[in-house]
Amino acid sequence: MSQIPQWVVDALPTRTKTLQFLETLAIGTIGGVAFLVAHLPGGLISGAMLAVGAAAMLGRRMAVPAHLTQAVLVLLGISLGSLMSRQLLQHIGAYPLTIGFLALSTFGTTFGSSYYLQRVHGWDRTSAFLAACPGALSQIALLAVEKGADMPAIAVVQTLRVIILTAALPLILVLTGLTSASAPALATTVASPLELAALVAASVAVSLVIRWMRFPASWLFGAMIGSSVLHGAGWVDGGLPPIVRSIALIGIGMLIGSRFSRMKPSTLLRHFTAGLGSFAIAIAISAIFVTIVAWTTHVRFADILVAYAPGAMDAMLALALTLHIDPIFVGAHHLSRFIFVTLAIPGIVHLFGRPQEDVDD
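All values reported here derive from a predicted model rather than from experimental measurement.

Undergrad: Got a minute to help me understand the overall build of the chain in this structure?
TA: For the chain, the count of helices and strands is 16 helices and 0 strands. When burial is assessed residue by residue, the chain has 50% of its 361 residues classed as buried. In the chain, once contacts between residues fewer than 6 apart in sequence are set aside, the share between residues at least 24 apart is 79%. When the accessible surface of the chain is split by element, carbon and sulfur atoms take 69% of a total near 16,700 Å².

Laid out in structure tokens, this is it:
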């Protein structure tokens, strides 16, 4: 061991972290496969998410290492990128209009949900605004710490919203006939080993470049860009093996479910009603804008529904991959909302949150 450089030793996971991940992987895989066998829509994601989340709430420490998280996002991005060349121009003419309505929807859901949290549950304005804001959880967490907001309460509301949407949205889409429960044919062939190596290399390279540029969700969108360029140019024919795509979808479910490991059951119970109420307000306001867009454009209703859903960007894109939803349309809108939130929420909190002197006290 003395001959191994210290930086290598520090980078290796501890025995405890390795066992935590293996347990998370086993539970997530069992949950995902069980839902898939039961023919539930979005089964791999929903099953893994609910199984890992339930284990976390029962006291098990669920965790996915950072490097494996990045790998899962890259695999998901490669799969999404393989669809781009076929669907890129499908709704591009409607993007400016639908993204404009999305901006209004984002601000409407943020102000509506925060007003509910303040009036009904007595939250302070800063915590209410940060909890109500859809997406960009890492930026919201930083702002919460900086402004002295109630981070545990914010985490409960944000996580419940993602969990409910990820579990319920596939069922709603299938039961209403808006999409099919069967998995779409993502690629007619599996790429050759050389093509797979090129896909991974290009995806990681683009991800690192745009990460250096501080582009949001760089691992996911970098892989999408790299994969779409190779497929669009005709340099790669085929996609990832089905088993690899399945691993990526289970990984996304594990990532969402593991959020409950950072919550105490008492904290979840204390803010559960606030989370449900805030979610209901956000969905009601989003539904108004979804209806407007459906009436004023020719975009498929199912695509609008997933694009406007106030859930996590990676989860919604993963659902698009499994439910015959246009991933380009969904990705463009969730990325736009991420940018809206990142740019606007600090100003909103500054203008409408509680004064800084209250935080200092």
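After presenting the structure, the write-up continues.
Undergrad: Honestly, unusual backbone geometry in this entry has me stumped. Any pointers?
TA: Trans peptide bonds make up the majority, and among non-glycine residues the majority have a negative phi. The phi dihedral of His 39 is positive, around 60 degrees, even though this residue is not glycine. Examined against the element boundaries, His 39 turns out to sit in the loop between α2 (15–37) and α3 (43–57).

Undergrad: Is there a simple way to explain the pattern of salt bridges in this structure?
TA: Two side chains of opposite charge can pair, provided their charged atoms sit close to one another. Applying the stated rule across the entire model yields 2 salt bridges. In this structure, Glu 23 engages Arg 60 in a salt bridge whose closest nitrogen and oxygen atoms are separated by 2.7 Å. Residue Glu 23 is found in helix α2, and its partner Arg 60 is found in the loop between α3 and α4 (66–87); the two are separated by 37 residues along the sequence. Classification of Arg 60 by relative accessible area gives partly exposed; the value is 45%. Measuring nitrogen to oxygen at the nearest pair gives 2.8 Å for the salt bridge that ties Asp 303 to Arg 300. Given a relative accessible area of 0%, Asp 303 falls into the buried group. By relative accessible area, which is 34% here, Arg 300 ends up partly exposed.

Undergrad: Just checking my understanding: could you explain helix α10 (residues 218–232) for this structure?
TA: For the α-helix, the turn length of 3.6 residues means that residues three or four positions removed from each other point alike. Taking 1.5 Å per residue, 15 residues should reach 21 Å; α10 reaches 20 Å between its end C-alpha atoms and fits that length. Counting buried positions over the 15 residues of α10 gives 12, a clear majority of the element. Every buried residue of α10 is accounted for by Ser 218, Trp 219, Leu 220, Phe 221, Gly 222, Ala 223, Met 224, Gly 226, Ser 227, Ser 228, Leu 230 and His 231. Positive phi appears at Gly 234, one or two residues downstream of α10, with a value of about 80 degrees.

Undergrad: Explain the packing of aromatic side chains here, please?
TA: Within the structure shown, the criterion is met by 2 aromatic pairs. With a centroid separation of 5.6 Å and 55 degrees between ring planes, the pair formed by Tyr 95 and Phe 329 is classed as tilted. Residue Tyr 95 is found in helix α5 (residues 95–121), and its partner Phe 329 is found in helix α15 (residues 327–352); the two are separated by 234 residues along the sequence. Overall, the relative accessible area of 12% leaves Tyr 95 in the buried class. Judged by relative accessible area, Phe 329 falls into the buried class, the value being 0%. Considering the side-chain rings of Phe 111 and Phe 129, the 5.3 Å spacing of their centres and the 80 degrees angle between planes classify their relative orientation as edge-to-face. One end of the pair, Phe 111, is in helix α5; the other, Phe 129, is in helix α6 (residues 125–132), with 18 residues separating them in the sequence. The exposure class of Phe 129 is buried, given its relative accessible area of 5%.

Undergrad: Which parts of the structure should I look at to understand the packing of α5 against α6?
TA: The geometry of a pair of packed helices is captured by two quantities: the angle between their axes and the separation between those axes. Interhelical geometry of α5 versus α6 gives an angle of 135 degrees and a closest axis separation of 8 Å. Taken together, the axes of α5 and α6 are oblique relative to one another. At the point where α5 passes α6, the crossing takes the right-handed sense. Contacts between α5 and α6 involve Thr 109, Thr 110, Phe 111, Ser 113, Ser 114, Leu 117 and Gln 118 from the first element and Arg 125, Ala 128, Phe 129, Ala 131 and Ala 132 from the second. The residue inventory of the contact of α5 with α6, partitioned by class, reads 6 nonpolar, 5 polar and 1 charged.

Rules of the game
- Residues numbered from 1 in each chain as written.
- Predicted model: local features only at pLDDT ≥ 70, side-chain atom pairs only at ≥ 80, totals over all residues.
- Heavy atoms only, no water.
- Helix = DSSP H or I, 4+ residues; strand = E, 2+ residues; numbered from the N terminus.
- Buried < 20%, exposed > 50% of the residue type's maximum accessible area, 1.4 Å probe, protein only.
- Contact = heavy atoms within 4.5 Å.
- Areas by Shrake-Rupley, 256 points an atom, 1.4 Å probe, with all protein chains shown as cover.
- Salt bridge = Lys/Arg side-chain N within 4 Å of Asp/Glu carboxyl O.
- Expected span 1.5 Å × (residues − 1).
- Phe/Tyr/Trp six-rings, centres within 6.5 Å; stacked < 30°, edge-to-face > 60°.
- Axes fitted to C-alpha atoms, helices over the stretch in contact; angles between N-to-C directions.
- Parallel < 35°, antiparallel > 145°, perpendicular 65-115°, else oblique.
- Left-handed = near helix turned anticlockwise from the far one by under 90°.
- Nonpolar A, V, L, I, M, F, W, Y, C, P; charged D, E, K, R; others polar.

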